[in-house]
Amino acid sequence: MKRINILLSGMILLGLMFSGYQCSSAEMSSAKLYIQQKNWEKAAESLDKEIAKNPKSDEGYYLLGIVKKEKEDIKGMVYNFNKSLEISSKFKKEIDALTQATWAESFNAGVNNYNKAAQSKSKDTTAMFLDKAIEKFNTAISLEPDSIEAYKIVSMIYLNKGETDKAIPLLQTIIDKQGPSYAYAQLAEIYIKRGEAKNTAYKANKNVADSVAAQDNFTTAKKTAITGLNKHPGDETLLATLAMVYGYLNQAEEGAALFEGEVKKNPTNKLSRLYYGIFLTNIQNYTASVVEFAEILKIDPTFYEAYYYEAFAYYNWGLTILKKADQMKEDGRPQANPKFELCVENAKKFTEKAPKERRGYDLLFKAYSRLSKTKEAEEVQKILSEMK
């Protein structure tokens, strides 16, 4: 990008050399000479005098914009370029090229400072480079307000600094500009984390206001993610976000309904089916839930998460049978044990695929215990002990 800027500057100076001074005022002639000499202070003084005498000097404003750029006064550059364009479009091509080049300079400077911050081992130095990066990216945004990438990086910096209040309007701007799904997901995540913090506070002090605030934040996260999913159908991050937030809101039935709709829209989307199956398990529709997990494995036999959740569904199915039987003063084991056997079958497949995942062995141990298979339960217990 620097080569472009040097080339543009060279062309501008060359143009000034050949433009001549025959038709120029004394102030304009002096300004051009000072610009060639890179005497920016004197050039600015001459151009200010020229514009004061001739407020309709499109060239005067254009050249003053160049001088402001060289003095690193980008706001001044933009102001004077805009004033020139208000008068005429004579210098539009040059102004557009210079604006684009300055945007590239600012964006690249922002990236360089961000990279320096990432490489720094000093907290103070990291903070300094991040602040410089924000300044440069904000300059890029002022030059190209539709530059979504600049908004994204600045929002990332604020999020890394923990300054979510500053990140929110940037993410909202990306959304307003029909930007990528990233903005919806990040915005929803901010509200989820705020909800989690309020939940933690409520558990500590039992202040009802914290509980209400938690629910409000989770609800905002849900609305944000649903809006994003409507704009970006099938987005996996947004699907995961919604699965999480429905869990926090204890809205299993609503979650099941949403993911049922997602499955109908795209039957081969494994995540939609996975979350649909999980919510079906939560509302104790076990028959439908195990069907969903089986369908996932038909779509992709290597998607081993489905084995775990199918095992989990069968285990809970067995528990539900036992609970209902107990309420009726009956022995539920003949109906429940086949479910625990199917839990074992699927949990084994999961542990084969994910031998370091503790949750699979936890399910196996519980299922074996329910089946009174003491030897098998002890073997699993030994594995669990070794994993600690």
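For the structure, check the block above.
Our subject in this report is the structure included herewith.

Parameters at a glance
Residues numbered from 1 in each chain as written. Predicted model: local features only at pLDDT ≥ 70, side-chain atom pairs only at ≥ 80, totals over all residues. Heavy atoms only, no water. Axes fitted to C-alpha atoms, helices over the stretch in contact; angles between N-to-C directions. Helix = DSSP H or I, 4+ residues; strand = E, 2+ residues; numbered from the N terminus. Parallel < 35°, antiparallel > 145°, perpendicular 65-115°, else oblique. Left-handed = near helix turned anticlockwise from the far one by under 90°. Contact = heavy atoms within 4.5 Å. Nonpolar A, V, L, I, M, F, W, Y, C, P; charged D, E, K, R; others polar. Expected span 1.5 Å × (residues − 1). Buried < 20%, exposed > 50% of the residue type's maximum accessible area, 1.4 Å probe, protein only. Arc of directions from axis to C-beta.

Take the packing of helix H18 (residues 358–370) against helix H19 (residues 374–387) next. For any two helices packed against each other, the geometry comes down to the angle between their axes and how far apart the axes lie. Axis separation between H18 and H19 bottoms out at 9 Å; the angle between their running directions is 155°. When the interaxial angle is binned, H18 and H19 end up roughly antiparallel. By crossing handedness, the relation of H18 to H19 is classed as left-handed. Every residue of H19 that contacts H18 at Arg 358, Tyr 361, Asp 362, Leu 364, Phe 365, Tyr 368 and Ser 369 is listed here: Glu 376, Ala 377, Val 380, Gln 381, Ile 383, Leu 384 and Met 387. Residues belonging to the contact of H18 with H19 are distributed by class as follows: nine nonpolar, two polar and three charged.

Let us now look at helix H5 (residues 74–87). Spanning 14 residues, H5 covers 20 Å between terminal C-alpha atoms, matching the ideal 20 Å at 1.5 Å per step. Within H5 the residues assigned to the buried category are Ile 74, Gly 76, Met 77, Asn 80, Phe 81 and Ser 84. Buried residues of H5, seen end-on, are gathered within an arc of 155° and therefore sit on one face of the element. In H5, the exposed positions that point more than 90 degrees away from the buried face belong to Lys 75 and Glu 86. On its buried side, H5 packs onto helix H4 (58–70), helix H6 (92–119) and helix H7 (123–143).

This part takes up the packing of H5 against H6. Running from N to C, H5 and H6 cross one another at 160°; their axes reach a closest spacing of 11 Å. When the axes of H5 and H6 are compared, the pair comes out roughly antiparallel. Here H5 and H6 pass one another in a crossing that is left-handed. Of the residues in H6, those in contact with Ile 74, Met 77, Phe 81, Ser 84 and Leu 85 of H5 are Lys 92, Ile 95, Leu 98, Thr 99 and Thr 102. For the contact of H5 with H6, the class distribution of residues is six nonpolar, three polar and one charged.

Look at Gln 178: it is not a glycine, yet its phi comes out positive at around 60°. Structurally, the position occupied by Gln 178 is in the loop between helix H9 (164–176) and helix H10 (181–205). Judged by its relative accessible area of 55%, Gln 178 falls in the exposed class. The phi angle at Ser 372 is positive, at roughly 60°, despite the residue not being glycine. With respect to the helices, strands and loops of the structure, Ser 372 is situated in the loop between H18 and H19. Residue Ser 372 is classed as exposed on the basis of its relative accessible area of 60%.

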